[in-house]
Amino acid sequence: MAREKIFTGPADGAVASTVRSSAAGAPAANAFDDRALDEELRPSRLADVVGQRKVVERLEIMLAATRMRTEPLSHILLDGPPGLGKTTLALALAKELDVECQITSGPALAAPKDLLPYLTNASGNSILFIDEIHRLPAAVEEFIYPVMEDFRVDIVLGEGLNARTINMKLKPFTIVGATTRSGMLTAPLRDRFTFREHLEFYEEADLAEIVRRNAIKLRTKIDDSSALEIARRSRGTPRKSNNLLRWARDFATVKQKEGLITNEIARQALAMLEIDVLGLEEQDRKYLRTIVNVFGGGPAGLAAIAHTMNCPPDTLEDEVEPFLLRCGFIQRTPRGRIVTASGLNHLSG
Ligand SMILES: Nc1ncnc2c1ncn2[C@@H]1O[C@H](COP(=O)(O)OP(=O)(O)OP(=O)(O)O)[C@@H](O)[C@H]1O
Ligand SMILES: [Mg+2]
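Residues numbered from 1 in each chain as written. Chains lettered and ligands numbered in written order. Predicted model: local features only at pLDDT ≥ 70, side-chain atom pairs only at ≥ 80, totals over all residues.

S.K.: Can you break down unusual backbone geometry residue by residue, with the values?
M.R.: In this chain, G298 is followed by P299 through a cis amide linkage whose omega measures 0°. Residue position: P299 is located in the loop between α12 (282-295) and α13 (302-309). Look at Q52: it is not a glycine, yet its phi comes out positive at around 50°. The backbone of R235 shows a phi angle near 55°, a positive value even though the residue is not glycine. (Helix = DSSP H or I, 4+ residues; strand = E, 2+ residues; numbered from the N terminus.)

Next comes the structure, spelled out in structure tokens:
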């Protein structure tokens, strides 16, 4: 019988705060983001992961080879916009290998000493998942290099002439890093990951499948056309699909006698959230309107747009721009952001 080995870290209290601080450090998403819901709906096995076929196939090969050689999995870096399944994949890898998985995140590791308990607690072949790894401070990053290459930590004791370095050998284990900004990773850190996987936005059909499966998990009924309607407006992101599904379920519970998510109910629910046919939210439209009305359509610098919108630049860069770029509604040029003709069209349409 497979033992549940996923645990959250060396000291439960300490790591609970680690996980919390990572959530708090993330840019504020829309009000319907609910990380507890993530846990409930997250597929736990690789076989249940919908979409991302190429990534999953490559991970399966890595897993098979690892199992045959009984070695630790090579270090893996997962990158891609928020809500596409980086955490899901990292946890699924641990589950597939039936090994422990410790979880921490870049902002929670302020100094090398914060990382040390995770390293000494890592059992052989286990996984250490570092979320938001682009936010590791430089000192921790340098500390991690020998860990990743030789499973060794170098600890400096004392100062000046009396300083001594102690080398400590660690059990071989795997670091899985996740980042929404692979560009912010330094080259030495990036290169120490043997495998790098980039997650792409999901196809509508895959999202509709996720909605249908999760409707069953949430014990609610949804017809195929409504699942597709939710998928279409989820901006290629499963987390958005989950959030919209949960909202549609609440809406149906209140507005429909049997609590069914019919097409009409789904449309009304989505309209109430002000999510348009392409999945743009009020924040996305406000971003486009700001560039058009305040900056004459652009080019406008990210910082200037962020100031005008009174919104952190990180949120715009991670959560708003990737989707607008994908829709072809904006261009990112060296001189700043520009709203394209189709972006203008969508705004006026
Ligand atoms: N391939 C998938 N199949 C089914 N559900 C998925 C898939 N990917 C993600 N999800 C759902 O979307 C939710 C968000 O995914 P996850 O937390 O893994 O994203 P993430 O990339 O780690 O995001 P962040 O960058 O914000 O940490 C999961 O809880 C899960 O329910
Ligand atoms: Mg995550």
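S.K.: Requested: an account of the packing of helix α10 (residues 238-255) against helix α11 (residues 263-272), with residues and values cited.
M.R.: Two elements in contact, α10 and α11, have axes whose closest approach is 9 Å; the angle formed by their N-to-C orientations is 115°. By the criterion of interaxial angle, the relationship of α10 to α11 is roughly perpendicular. Crossing hand, α10 versus α11: right-handed. On the side of α10, the interface is formed by L244, W247, A248, F251, A252 and K255, while α11 contributes I265, A266, Q268, A269 and L270. Residues of the contact of α10 with α11, tallied by class, amount to 9 nonpolar, 1 polar and 1 charged. (Axes fitted to C-alpha atoms, helices over the stretch in contact; angles between N-to-C directions. Parallel < 35°, antiparallel > 145°, perpendicular 65-115°, else oblique. Left-handed = near helix turned anticlockwise from the far one by under 90°. Contact = placed C-beta atoms within 7 Å. Nonpolar A, V, L, I, M, F, W, Y, C, P; charged D, E, K, R; others polar.)

S.K.: Could you give an account of the UniProt feature "binding site: Mg(2+)" (unreviewed entry) in the protein, naming the residues involved and the relevant values?
M.R.: The sites that carry the UniProt feature "binding site: Mg(2+)" (unreviewed entry) are, in the present numbering, T87. Looking at the secondary structure, you find T87 in helix α4 (residues 86-97). Residue T87 is classed as buried on the basis of its 22 C-beta neighbours within 10 Å. In this structure, T87 is in contact with D131 and A178, ignoring residues within four places of it in sequence. (UniProt positions renumbered as here; feature names shortened; annotations may be inferred. Buried ≥ 20, exposed ≤ 12 C-beta atoms within 10 Å, placed from the backbone.)

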